[in-house]
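Below are the chains, spelled out letter by letter.
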Amino acid sequence: MTTPDGAVLFACIGAGLLYGLLGSITHLRRQSLRGDVLAHSAWPGVLVAFAITGEKSPVVLALGAFVFSAGFGLVITWLERLFPRLKGDGAHALLLSGSFALGSVVWSLMQRHMEGLGQAGLKSFLLGQAAAVQWPDAWTLLGASMLAGLFVYSFRRDISGILFDRDHAFLLGQPTLAVEWILDLFLALGVVCGLQVVGMVVLSALLVALPLAVRPHTKSFGTFVLASTMLGGAIGFVTPWLVIFLESSFGHPGKGIPTGPIFVVMATLVAIASLFGPRFNNKSVATGIGVRR
Amino acid sequence: MAKEPLPPAEAVVRLEDVTVAYGDRPALWDVDLEIPKGSLTAVVGPNGAGKTTLMKTMLGLLKPATGRIEILGESLAHSKGKVAFVPQRSSVDWDYPATVGDLALMGTHGSLPWWKPVGKEEKRRAREALEMVDLVGLADRPINQLSGGQQQRAFLARALSQDAPLLVLDEPFQGIDASTERAILDLFRNLRRMGRSLIVVHHDLHTVRDLFDFSVLLNVRVVAAGPTESTLNEENLRATYGPRLGLDPRRAPHGPYDGARP
Amino acid sequence: MLEIFLIGALSAIGCGLTGPVLLLRRRVLLGDAVSHSVLAGIGIAFWIHPVVNSPWLRLGAALSGCCAAWVATKLTGILRGRADAALGLVFPLFFSIGALILAIKASNTHLDVDQVLSGNLESSWLERFRLGGTDLGPQAAWNMLLIVVALLAAGWIWWRDLQLYLFDPQQGQILGRPMAFLEILVVVATTSVIVFSFDAMGPILLVALLAGPGICAWFLTSQIGPFFLATVAAGLLSVLAGTGLACALDLNIAGSIGLAAFLIALGTLLMAPDHGMVFRLLQANRARIRFVARLLAVHICQHEIKGDQASENTRVGLRDHLKLSEKEVAAGALWLQARSLAVWENQILVSTHAGKIFAKSLAEGQDSTDGQMGGEIQRPASLM
Ligand SMILES: Nc1ncnc2c1ncn2[C@@H]1O[C@H](COP(=O)(O)OP(=O)(O)OP(=O)(O)O)[C@@H](O)[C@H]1O
Ligand SMILES: [Mg+2]
C-alpha cells in the first residue's frame, strides 16, 4: 500500500482542525449554515477581484473573496440585530441568494466584456480541487487553524461568556462587540482559506458535522471546542489513507476516488453514529469544583 | 428581630432625574434615588411598575432618556465588573455546553486578565458560591439537566462568586422552594453584615418588612424610598399599589431562623 | 422570451406559496439543501441506468430531494429544533454520495456536476410538451402549473390546520389535528416545487425566490392570508423586473431575477411601514419629540409652583437641567405650542391652563395620548 501525498495529508489535517474549531463556535452561535453562506458569497468577490486586477493569482482572488465574505457576514450579523425576525436563517438565505445572484450577473457581464476569459481558474476556486493540492495550501490551512486556535485559547473565557450570556458578559466588562466581530472575521478567513483546497460543500459539512459529533459527549465549553478540533484533525488524518485503500480495492486505473466526498461522508457518519450511539459518561474534571466533597 | 443600624449614609447607587422610555412611553419617570451603602434594599411595586427597567438602567443595559447615574461613586462606564446581576428572565441558551460549576466560575471571569488561567482562588470562590446556594452536589451536572429552581440557584451562584460589592437581583426567588428561599434570605443578611450592598426586587411585602432595611416603593416614579420602618406604611403602599392593599398586622414577623412559614 | 417569462412566473408562484411556510418554520435554506441533495438520486439513477437525460435521472433527483428533506425534518426534532445543524448535516452527505458515484461511474460522460447545479433558464423552454403531435408549450411550464394547482388545492383543503401548524403545532396536536400529516405534506410540497423548478432555475435563484419575496411580505403584512398573496406578488414582480433587466443589459436571466428579488427585499427592509428602517428612524425621532414635550410640560409646571420659573424655565435652564440639546428643547416646546399647552414669553416657557391640566394628568400617571408599543412582534399578529 502506498502512502498518501504529504501535501494532501497535511491539508486534510489542517482543514479538519480549522473547521472543527470554527464549527464549534458557529454551532454555539446557532449559525451552522453560516459557513455555506459565506462560501457562496465569496464568488462575486473572486470575480470582482479578477475584473479589477486582471490577475488570476490565488492571493488576489483570495483577498477579493475574503473582503466579500467578511462584508456579507457582518451585514448578516447587523441585519439580524436590527430585525430580530430574520434570525435563524432569514438573513442568511437572503444574502446567500443575493450574493450568488450578484456573482452570476457579474459573471455574465465579464463574459461579454473581457476577451479570452479562461473560466477554469475561477470556477475551481469555488469547487475545490483536492487532487491538485500543493504544500502552500497545506501550510495556509495549518497556519489559519493555529491562528484561530491561538485567538480562541487566549480569549476562551470571554468567548464562552459572550456566547452563553451576552448581557452578563457586558456587565463583567468583557469586550462583547469586538469578540463577536473578530469571530465573524475568523470564520470568513477560514472559509476563504479552505475554499480553493477543499471546496464549499466539504467545508460546510465539516463545520456542521464535527461539533455535532462531539456535543453529546462533552459538558464544558473547553472540552467541547477541543474535542471538535481534535476530531477534525483525526478524521483529516484518516481520510487520505482511506482514499488510498479504496482506490486500491475499488478504483479502476485512471479513475481516482475524490478525497472531498470521502472526507464529508466520514465526518457525517461519525456525527450520526455519535448522535444515535451510546454516550460517554465522562466525569468532567474541567472545573475541579465538585470533585471533592 | 435584630436589625443592625444603618451605616452612615454613603450612596451605593445614586440616580438623578432619570427617565427611561420605551418608544415614547415612559416606564420610569423622573427618578431621584439614593440607596445607602451596605444596605439590604427591597424594590417593590406592582407588575409593570418599572422595577426591571430600573435595575437594567442602573446597570447600563438600558440607556436612560435623561438623567445621571452613579454606581459606587463612579459613572457607569467605570463600574463594569463591580456589580453582580441576576436577571428576572434569562434568555440564555440552555443547551450550551457548561456545567453548574462552569456557570459559577463565569462570575469570576471578569476579574481575570485574559492571559491568566483560572486559579485556586477563583475555584474557591466558585465553590463557596455553590455551597451558599446548596448546589455543590450538582457541580458537574450540565445545565440543561437542571430543574427550573436549580437553574435559578445556579444563576445566583454565578452572581455570588463574582465577589462584587453590589448585588442586584431581579425577583431571585421565582421558582425557588420556601426553605431554600429562607436560607438565601439569611445568606443575604450575612452578606450585608459583611459589608456588601444588595438590591433585591421582591414581591412579598411581609419578608420585606421583616428582613430588609431599606425600601424603594416604585410605580413609574418613586413613591417613597427610605428605611423600611418609616417607608413601608399603609399610606405609601396604597399610593403604590392602589387602595386595596396593605400589610396584614396580624401576621407575625418571622424570627431570623424559624424556617417554617405559614 | 415570453415562454421563459412564463416559466419564471409560474416558479415564482410556486415558491410564493411555499416560501412563507419555510420562513415561518425557519427553514428557508431547505431550498438550498434539497437542491444540493438531488445529486445523490441522480448518481444512483445513473448507476442503475447510465444514460444522460433519461427521465430516471429526474425521478431519482425528486426522490432523493424528498428523502433529504424528510431526514432533515426528523433530525431537527432529534436535535431539539436545530434546523440549521440538521440541514447542514444532511445536504453535504447526499451531495457527496452523488459526487462519489458520478466520479467512479461517470467520469468520462457528459454529466457535468456543474451543469446539474447551475440550471439554465435560457434553455428551459427547449423541452416541449407534446400531445398527439401538437406542441403545447414548454414542458417546464406545464410541470410548474400542475404543482401550483396541487398546492392551491391542498392549501384550500387544509387552510385552518396549516395556520395551526405554522403557529403552534403542539397545540394542534393536543387539539387532535393531523399535524404529523401536515408536516409530510409540507415536506412533499416544498421539495416538489424545488425539484421541478430547479431544473430551470438552479438552486440559488430558487432560494432567492423562496426567501426574498417572503421576507418582503413578512414586513408588509401581519396576517397569514395576505402574507401568501404578497409573497406571490413580490415574486412575480421580481421575475418581471429580473427578466426586464436581463433583456435590457443582456445578462444571465436567473442571476438577474435573483438580484431583483434580493434588491426588492432589501428595499422593503428599508422602506416598509411599521418595521422598516426609515420608518423606525422617523418614529424614534417623533417619539423622542413627544417625550421631550411631556418632560417639559411637567418640568415647567413644577417650577411654576416652586416660583423659580424665571431662572429654570429658560432655554438654557431647561437644556441644562434636563440634559437635553437645544434643538430638542426647541422641538419639544414647539410641540407644546402647537397644542396651546405652553407659550414662550420673554424667553421663558410658560404653561397655559390646558398645559397645567396636561401636566397634572401626566404626573398622576394617566397618560391619555398613549403611544405605540415598541419592540418587535415576532410573528404575524393574527396567528396569535
Ligand atoms: N422591551 C419593551 N418594550 C416596550 N415596553 C416595555 C418593554 N419592557 C417593558 N416595557 C413596559 O415598561 C413597563 C415597565 O416594565 P418592567 O419590566 O420594568 O416592569 P416590572 O416592574 O419589572 O414588572 P414585573 O413585576 O412584572 O416584573 C411595563 O409597562 C412594560 O409594558
Ligand atoms: Mg420585572
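Keep in mind that this is a model prediction, so the values were computed, not measured.

Engineer: How do you make sense of the overall build of chain C when you look at a structure like this?
Structural biologist: Helices and strands together make up the secondary structure of chain C, namely 16 helices and four strands. Within chain C, contacts between residues at least 6 apart in sequence are counted, and of these 67% link residues at least 24 apart. Within the structure as shown, chain C displays about 17500 Å² of accessible surface, and the carbon and sulfur contribution to it stands at 65%.

Engineer: Explain the overall build of chain A here, please?
Structural biologist: From N to C terminus, chain A includes 12 helices and zero strands. Overall, chain A shows an N-to-C arrangement of helices and strands of α-α-α-α-α-α-α-α-α-α-α-α. Residues classed as buried in chain A amount to 60% of the 293 residues present. Nonlocal contacts in chain A, meaning residues at least 24 apart in sequence, comprise 76% of its contacts between residues at least 6 apart.

Engineer: Which parts of the structure should I look at to understand the pattern of salt bridges?
Structural biologist: Under the counting rule described, the total for this entry stands at 25 salt bridges over all chains. The residue B:Asp163 makes a salt bridge to B:Arg125 at a minimum N-O spacing of 3.6 Å. With B:Asp163 in the loop between α4 (148-161) and β7 (166-170) and B:Arg125 in helix α3 (residues 120-132), the pair connects residues that are 38 residues apart, well separated along the chain. Under the relative-accessibility criterion, B:Arg125 is labelled buried at 10%. Here C:Arg319 makes a salt bridge to C:Glu326, at a shortest N to O gap of 2.6 Å. When salt bridges with common partners are traced through the structure, they connect B:Arg14, B:Glu16, B:Glu34, B:Arg68 and B:Glu70 into a single cluster.

Engineer: How should empty space enclosed by the protein be read in this particular structure?
Structural biologist: Think of a ball as big as a water molecule: rolled over the atoms, this probe shows where empty space is left. All names here are of chain A. The final tally for this structure, using the stated rule, is eight cavities of 30 Å³ or more. If you add up the space inside the largest cavity, you get close to 80 Å³. Along the walls of the largest cavity sit 13 residues, with Leu22, Ile25, Leu183, Phe186 and Leu187 positioned nearest its centre. Within the residue set of the lining of the largest cavity, elements represented by two or more residues are α1 (6-28), α6 (135-154) and α9 (176-198). When residues of the lining of the largest cavity are assigned to their parent elements, the largest contribution, four residues, is made by α9.

Engineer: Looking at this model, I keep getting lost on the coordination of the magnesium ion (ligand 2). Mind explaining?
Structural biologist: Reference geometry at the metal: tetrahedral coordination by four donors gives ideal angles of 109.5 degrees; octahedral coordination by six donors gives 90 or 180 degrees. Only B:Thr52 (OG1) and B:Gln88 (OE1) from the protein reach the magnesium ion (ligand 2) as donors, at distances of 1.9 to 2.2 Å. Remark: B:Gln88 occurs in the loop between β6 (83-86) and α2 (100-106) and B:Thr52 occurs in helix α1 (residues 51-59); sequence separation between them is 36 residues.

Engineer: What is the right way to look at the packing of helix α11 (residues 221-249) of chain A against helix α12 (residues 259-276) of chain A in this model?
Structural biologist: Each pair of packed helices can be described by the angle between their axes along with the distance between the axes. Residue and element names in this part refer to chain A. Two numbers describe how α11 lies on α12: the axes approach to 9 Å, and their chain directions differ by 125 degrees. Classed by the angle they form, the pair α11 and α12 counts as oblique. In this structure, the crossing between α11 and α12 has a hand that is right-handed. For the pair α11 and α12, the contacting residues are Leu231, Ile235, Gly236, Val238, Thr239, Leu242, Val243 and Leu246 in the first and Thr259, Ile262, Phe263, Met266, Ala267 and Val270 in the second.

Engineer: Help me understand the side chain of A:Asp158 in this model?
Structural biologist: As for its placement among the helices and strands, A:Asp158 is situated in helix α7 (residues 156-164). Although A:Asp158 lies buried, it forms no salt bridge, and the closest oppositely charged side chain, A:Arg157, sits 6.5 Å away as judged by the N-O distance. Sequence-distant contacts of A:Asp158, defined by excluding residues within four places in its chain, comprise A:Gln174, A:Pro175, A:Val179 and B:Trp114.

Engineer: Please explain the site of ligand 1 as it appears in this structure.
Structural biologist: In the neighbourhood of ligand 1, 14 residues make up the surrounding shell, with B:Asn47, B:Gly48, B:Lys51, B:Thr52 and B:Thr53 lying closest. Residues near ligand 1 are shared among chains B and C, making this a multi-chain site. In the model, an oxygen atom of ligand 1 is placed 2.7 Å from a nitrogen or oxygen of the B:Lys51 side chain. For ligand 1, whose accessible area on its own is 640 Å², the fraction buried by protein is 70%.

Engineer: Help me out: how do you make sense of the environment of A:Ala49 in this one?
Structural biologist: Residue and element names in this part refer to chain A. Inspection of the secondary structure assignment puts Ala49 in helix α2 (residues 34-53). On a C-alpha basis, the gap between Ala49 and Leu63 in space is 7.6 Å, while along the polypeptide they are 14 residues apart. Setting aside anything within four residues of it in sequence, one finds Ala49 in contact with Gly54, Val60, Leu61 and Gly64.

Engineer: Where do I start with the pairing of β6(B) in this structure?
Structural biologist: Each regular strand carries side chains that alternate between the two faces of the sheet. All names here are of chain B. Neither face of β6 is open: one carries Val83 and Phe85, the other Ala84 and Val86, and all of them are buried. Sheet topology places β6 next to β7; four bridges connect them, and they run parallel. By the bridge assignment, Val83 is partnered in β7 with Leu166.

Engineer: Would you explain the interface of chain A and chain C in this entry?
Structural biologist: The parts lose accessible area when they come together, and the size of an interface is often stated as this lost area. Each side of the interface is counted separately: chain A has 53 residues, and chain C has 53 residues. If you sort the residues of chain A by the area they bury against chain C, A:Phe83, A:Arg85 and A:Leu94 come out on top, with a joint share of 17%. On the surface where chain A and chain C come into contact, there are 11 residue pairs in polar contact (both at pLDDT 80 or more). Counting residues per element, the ones that place at least two in the side of chain A that touches chain C are α1, α2, α3 (58-82), α4 (90-113), α5 (120-127), α10 (200-214) and α12 of chain A. Residues belonging to the side of chain A that touches chain C are distributed by class as follows: 32 nonpolar, 13 polar and eight charged.

Engineer: Is there a simple way to think about the domain arrangement of chain C in this case?
Structural biologist: Split into domains, chain C comes out as domain 1 (2-275) and domain 2 (278-363). With centres defined by C-alpha atoms, the gap from domain 1 of chain C to domain 2 of chain C works out at 56 Å.

Engineer: Honestly, the side chain of B:Thr207 in this entry has me stumped. Any pointers?
Structural biologist: Residues and elements named next belong to chain B. Mapped onto the elements, Thr207 comes out in helix α6 (residues 205-211). The class for Thr207 is buried, based on a relative accessible area of 0%. In terms of polar contacts, Thr207 uses its side chain to reach the backbone carbonyl oxygen of Asp204, at 3.0 Å.

Engineer: Looking at this structure, I do not really get the environment of C:Tyr165. What am I missing?
Structural biologist: Residues and elements named next belong to chain C. Of note, Tyr165 is situated in helix α7 (residues 159-167). Owing to a relative accessible area of 2%, Tyr165 belongs among the buried residues under this scheme. Sequence separation between Tyr165 and Gly242 is 77 residues; the distance between their C-alpha atoms is 33 Å.

Engineer: Can you help me understand the packing of aromatic side chains in this one?
Structural biologist: The geometry of an aromatic ring pair is captured by the separation of the ring centres together with the interplanar angle, meaning the angle of the planes. Scanning all chains against the criterion turns up 18 aromatic pairs over all chains. Relative to C:Phe358, the ring of C:Trp335 has its centre 6.4 Å away and its plane inclined at 35 degrees; by these criteria the two rings are tilted. Of this pair, C:Trp335 sits in helix α15 (residues 326-338) while C:Phe358 sits in helix α16 (residues 353-363), and the two are 23 residues apart along the sequence. Linked through ring pairs, A:Phe10, A:Trp135 and A:Trp139 together constitute an aromatic cluster. Directly above the ring of C:Tyr165 sits C:Arg25, whose terminal nitrogen or CZ lies 4.8 Å from the centroid.

Engineer: I keep staring at the nonpolar core and nothing clicks. Help me out?
Structural biologist: Buried together is how nonpolar side chains tend to be arranged in soluble globular proteins. Core analysis: the largest hydrophobic core is formed by 221 residues, its most contacted members being A:Tyr19, A:Ile159 and B:Phe188. Looking at which element gives the most residues to this core, the answer is helix α9 (residues 179-220) of chain C, with 23 residues. Dropping the residues within four chain positions of it, A:Tyr19 is found in contact with A:Leu141, A:Gly190, A:Val191, A:Gly194, A:Val198, A:Leu203, A:Leu206, A:Leu207 and A:Leu210. Within the second largest apolar cluster, 27 residues are counted, among which are B:Val12, B:Leu15, B:Ile35 and B:Val43.

Engineer: Is there a simple way to explain a nonpolar patch on the surface in this structure?
Structural biologist: On the surface, A:Leu269, A:Ile272, A:Phe276 and C:Ile78 cluster together to form a nonpolar patch covering roughly 370 Å² of accessible area. Broken down by element, the nonpolar patch gets its largest block of residues, three residues, from α12(A). Note that C:Ile78 resides in helix α3 (residues 55-78).

Engineer: I would appreciate a short explanation of unusual backbone geometry in the present structure.
Structural biologist: As a rule of thumb, non-glycine residues mostly have phi less than zero, and peptide bonds are mostly trans rather than cis. You will see that B:Leu72, though not glycine, has its phi angle at about 55 degrees, which is positive. Mapping B:Leu72 onto the fold places it in the loop between β4 (66-71) and β5 (74-75). B:Leu72 gets classed as buried once you look at its relative accessible area, which sits at 18%. Here C:Arg80, not a glycine, exhibits a phi torsion of approximately 55 degrees, which is positive.

Engineer: Quick question: what am I supposed to make of helix α14 (residues 315-322) of chain C here?
Structural biologist: The periodicity of an α-helix, 3.6 residues per turn, causes residues three or four positions apart to be oriented the same way. Among the residues of α14(C), those classed as buried are C:Gly317, C:Leu318 and C:Leu322. Seen along its axis, α14(C) keeps its buried residues to an arc of 100 degrees; they face one direction. In this fold, the buried residues of α14(C) make contact with β4 of chain B together with α12 (277-306), α13 (309-312), α15 and β4 (348-351) of chain C. Looking one or two residues past α14(C), C:Lys323 carries a phi angle of roughly 55 degrees, positive in sign.

Thresholds applied
Residues numbered from 1 in each chain as written. Chains lettered and ligands numbered in written order. Predicted model: local features only at pLDDT ≥ 70, side-chain atom pairs only at ≥ 80, totals over all residues. Heavy atoms only, no water. Helix = DSSP H or I, 4+ residues; strand = E, 2+ residues; numbered from the N terminus. Contact = heavy atoms within 4.5 Å. Areas by Shrake-Rupley, 256 points an atom, 1.4 Å probe, with all protein chains shown as cover. Buried < 20%, exposed > 50% of the residue type's maximum accessible area, 1.4 Å probe, protein only. Salt bridge = Lys/Arg side-chain N within 4 Å of Asp/Glu carboxyl O. 1 Å grid on protein atoms, 1.4 Å probe; cavity = no way out; pocket = protein on both sides within 12 Å on 5 of 7 lines; lining within 4 Å. Points joined across faces, edges and corners; volume = space filled by probe spheres on them. Donors = N, O, S within 2.8 Å, 3.2 Å for Na, K, Ca; no water. Axes fitted to C-alpha atoms, helices over the stretch in contact; angles between N-to-C directions. Parallel < 35°, antiparallel > 145°, perpendicular 65-115°, else oblique. Left-handed = near helix turned anticlockwise from the far one by under 90°. Lys, Arg positive; Asp, Glu negative; His and termini not counted. Near = heavy atom within 4 Å. Polar contact = N/O pair within 3.5 Å; in protein donor to acceptor, adjacent residues only side chain to side chain. Pairing = 2+ DSSP bridges. Buried area = accessible area lost by both parts, 1.4 Å probe. Nonpolar A, V, L, I, M, F, W, Y, C, P; charged D, E, K, R; others polar. Domains from an automatic or database assignment. Phe/Tyr/Trp six-rings, centres within 6.5 Å; stacked < 30°, edge-to-face > 60°. Lys NZ or Arg CZ within 6 Å of the ring centre and 35° of its normal. Core = buried A, V, L, I, M, F, W, Y, C linked by side-chain atoms within 4.5 Å. Patch = residues over 30% accessible without salt bridge, like charges linked within 9 Å, V, L, I, M, F, W, Y side chains within 5 Å. Arc of directions from axis to C-beta.

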